[in-house]
Amino acid sequence: MEKTSRIEGFYKLPMAERLKIVKTFADLTDEEAMALAGLGGADPSISDKMVENAVGSFHMPLGIAVNFRINDKDYLIPMAIEEPSVIAAASNSAKMARVKGGFWTSSTPPIMIGQVQLTGIKDPSRAKHVILERKHEILELANKQDPMLITLGGGAKDLEVRIIDTQKGPNVVVHLLVDVKDAMGANAVNTMAEAVAPLVEEIAGGRVYLRILSNLATHRLARARAVWEKEALGGEDVVDGVVEAYLFAEADPYRCATHNKGIMNGIDAVIIATGNDWRAIEAGAHSYAARSGSYKPLTIFEKTPDGDLAGTIELPMAVGLIGGATKVHPTARASIKLLGVKGAQELGEVAAAVGLAQNLAALRALATVGIQKGHMSLHAKNIVNSVGCPPELVDEVVRIIVAEKKVRMDRAKEVIEELKRKKT
Ligand code: NAD
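Okay, so let's go over this structure.

It is worth spelling out the overall build of the protein at this point. Looking only at helices and strands, the protein has 17 helices and ten strands in total. The C-alpha atoms of the protein give 25 Å as radius of gyration, which agrees with the globular expectation for 424 residues (22 Å, within 12%). The principal-axis extents of the C-alpha atoms in the protein amount to approximately 85 × 55 × 50 Å. A burial count over the protein gives 48% of its 424 residues as buried. Distance between charge centres in the protein, computed from 51 positive and 52 negative side chains, equals 3 Å.

This next bit is on the packing of aromatic side chains. Counted by the stated rule, this structure contains three aromatic pairs. The interplanar angle of 20 degrees and the centroid separation of 5.5 Å between the aromatic rings of Phe68 and Phe103 together place this pair among those described as stacked. Placement of the pair is Phe68 in strand 1 (residues 62-70) and Phe103 in strand 3 (residues 103-107), with a sequence separation of 35 residues. No difference in accessibility class separates Phe68 from Phe103, as the two residues are buried.

A few words on the nonpolar core. Ranked by size, the top nonpolar core spans 58 residues in total, and within it Phe68, Ile77, Met79, Phe103, Trp228 and Ile267 carry the most contacts. When residues in this core are grouped by element, the largest group, eleven residues, is from helix 14 (residues 344-367). In this view, Ile77 contacts Gly63, Ile64, Ala65, Phe68, Val270, Leu339, Val350 and Val354; residues no more than four positions away in its chain are not counted. Val161, Ala188, Ala193 and Ala204 belong to the second largest nonpolar core, which has 36 residues in total.

Below, the discussion takes up unusual backbone geometry. Excluding glycine, a negative phi dihedral is what most residues carry, and trans is how most peptide bonds are arranged. A positive phi angle, close to 65 degrees, is found at Asp72, a residue other than glycine. Relative to the helices and strands, Asp72 is located in the loop between strand 1 and strand 2 (73-80). In this structure Asp72 comes out as partly exposed when scored by relative accessible area, which is 46%. The phi dihedral of Lys181 is positive, around 50 degrees, even though this residue is not glycine. On the secondary structure map, Lys181 appears in the loop between strand 6 (169-179) and helix 8 (186-204).

Let us look at the pattern of salt bridges. Between side chains of opposite charge, pairing is possible as soon as their charged atoms come close. Tallying each qualifying case throughout the model produces 25 salt bridges. One salt bridge in this structure joins Arg411 and Glu418, with 3.3 Å as the shortest N-O distance. Of the residues examined, Glu418 reaches a relative accessible area of 32% and is grouped as partly exposed. Residues joined in a network through salt bridges with shared partners are Arg69, Asp72, Asp74 and Arg98.

For the ligand, the set of nearby residues contains 21 residues, the closest of which are Asp146, Asp182, Gly185, Asn215 and Asp277. Between an oxygen atom of the ligand and a main-chain N or O atom of Asn187, the distance comes to 3.0 Å. Counting residues per element, the ones that place at least two in the shell around the ligand are helix 7 (147-151) and helix 8. A total of four residues in the shell around the ligand trace back to one element, the largest contributor, which is helix 8. Class assignment for the residues of the shell around the ligand results in eleven nonpolar, six polar and four charged.

It is worth spelling out the pairing of strand 2 at this point. Here strand 2 lies mainly inside the structure; seven of its eight residues are buried. As defined by bridge partners, strand 1 adjoins strand 2 across seven bridges and the pair is classed as antiparallel. Opposite Gly63, over in strand 2, you have Met79 as the bridge partner. Between strand 1 and strand 2, which pair antiparallel and follow one another directly, the connecting turn spans two residues, one of which, Asn71, has a positive phi of 50 degrees.

Another point: the packing of helix 16 (residues 394-403) against helix 17 (residues 409-423). In contact at an axis separation of 10 Å, helix 16 and helix 17 are set at 125 degrees when each is read in the N-to-C sense. What the angle tells us is that helix 16 and helix 17 run oblique. For the element pair helix 16 and helix 17, the recorded crossing hand is right-handed. Of helix 17, the residues touching helix 16 (which contributes Glu396, Val397, Ile400 and Ile401) are Arg411, Ala412, Val415, Ile416, Leu419 and Lys423. Here the residues of the contact of helix 16 with helix 17 are counted per class, giving seven nonpolar, no polar and three charged.

Analysis parameters
Residues numbered from 1 in each chain as written. Predicted model: local features only at pLDDT ≥ 70, side-chain atom pairs only at ≥ 80, totals over all residues. Heavy atoms only, no water. Helix = DSSP H or I, 4+ residues; strand = E, 2+ residues; numbered from the N terminus. Rg over C-alpha atoms; globule rule 2.2 N^0.38 Å. Buried < 20%, exposed > 50% of the residue type's maximum accessible area, 1.4 Å probe, protein only. Lys, Arg positive; Asp, Glu negative; His and termini not counted. Charge placed at Lys NZ, Arg CZ, Asp CG, Glu CD. Phe/Tyr/Trp six-rings, centres within 6.5 Å; stacked < 30°, edge-to-face > 60°. Core = buried A, V, L, I, M, F, W, Y, C linked by side-chain atoms within 4.5 Å. Contact = heavy atoms within 4.5 Å. Salt bridge = Lys/Arg side-chain N within 4 Å of Asp/Glu carboxyl O. Near = heavy atom within 4 Å. Polar contact = N/O pair within 3.5 Å; in protein donor to acceptor, adjacent residues only side chain to side chain. Nonpolar A, V, L, I, M, F, W, Y, C, P; charged D, E, K, R; others polar. Pairing = 2+ DSSP bridges. Axes fitted to C-alpha atoms, helices over the stretch in contact; angles between N-to-C directions. Parallel < 35°, antiparallel > 145°, perpendicular 65-115°, else oblique. Left-handed = near helix turned anticlockwise from the far one by under 90°.

Following this line, the structure appears as structure tokens:
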């Protein structure tokens, strides 16, 4: 029987019950389920292997977004995030998208760019031409650095040369285009860029300074799309409101920053849960959003001829299933198994779909009741817990301060004292 991620009332279950469902869904071992629960990841020696001067590890909540259907397959999505509402919003958005079949995705091959910066060149056009003439020699040298990647069908595939203007004159910038297969690819690409730099210098003259990958991974894009039926969203007014919200972001960088932040709420949470480099994804996303010279939304929302809402997203997605923390961190390994992704491209597409879902949820709330309504009870719970509320009083205090619209620490403390007095 096909597995379904459509789990009614998942959020109402106790944590242990949720974990049981997740464990069964992905056939996780006891050890993997423990790692998702954060128990296997508590071994301090893991931190010591990962970073310098380690003294311990930092734990973040890990939740599961339900209801995702992507390319006719159901996924439970692990999301590591400290912000309330995000996982609930993604799940709700995915539930509404199921009415029209869920999400559809595509991606380009995993080609990363390695940059070699040549300075002090008087005749940049000539330099560009001579480098291109010896492209095969440069690619061959790059490919000697990573026999493993070559065996897998990856490696340096092509080369581009750009001339850019700097305050100190032109730079000739060589781009090595490397197929990194299922790796994020930074180490592989950096090694190749460093290896070819002396040859590039010898060919073109000038002096090489930087040799490192670009996080603006324009050749490695993930895309997702979905249609939300107007009735599922709450009517045609909501569709119009979401389109207006998108157009606002399209026209105004102040709004656009927050629009794209909402997308990254979802994407980062998946990237972190799978042990990937979220700074790389963030850098790629925002620089891609600004590639035209002005800062634009990563998603587009349009009204279909039927009055439904069509959403699309496209962004660079340098994620891996090999290397970095993905293979070392037990929780990341369990998250990847839970996703059941076959390759890095599939992981990137899933992350893109989550980003689109996340954005729709935020825009729908903004265009209707406002973001705070959904946020408030979760936010109130954090406030109540942060002032040391006894566990048996938490729900009642939350209910009272939300109803009073006084979600503040001072009021939470007062209510706790009032309830304590009443109960004694
Ligand atoms: P890596 O070097 O650990 O692993 C990649 C290597 O694994 C490949 O070069 C290949 O030899 C081998 N491999 C085995 N099976 C493979 C497969 N199926 N597909 C591809 N390669 C396979 O990891 P990486 O992905 O090259 O580097 C990622 C790390 O680099 C991350 O931790 C990241 O944070 C870090 N980093 C990032 C930046 C940046 O983003 N600017 C810069 C430097 C380092």
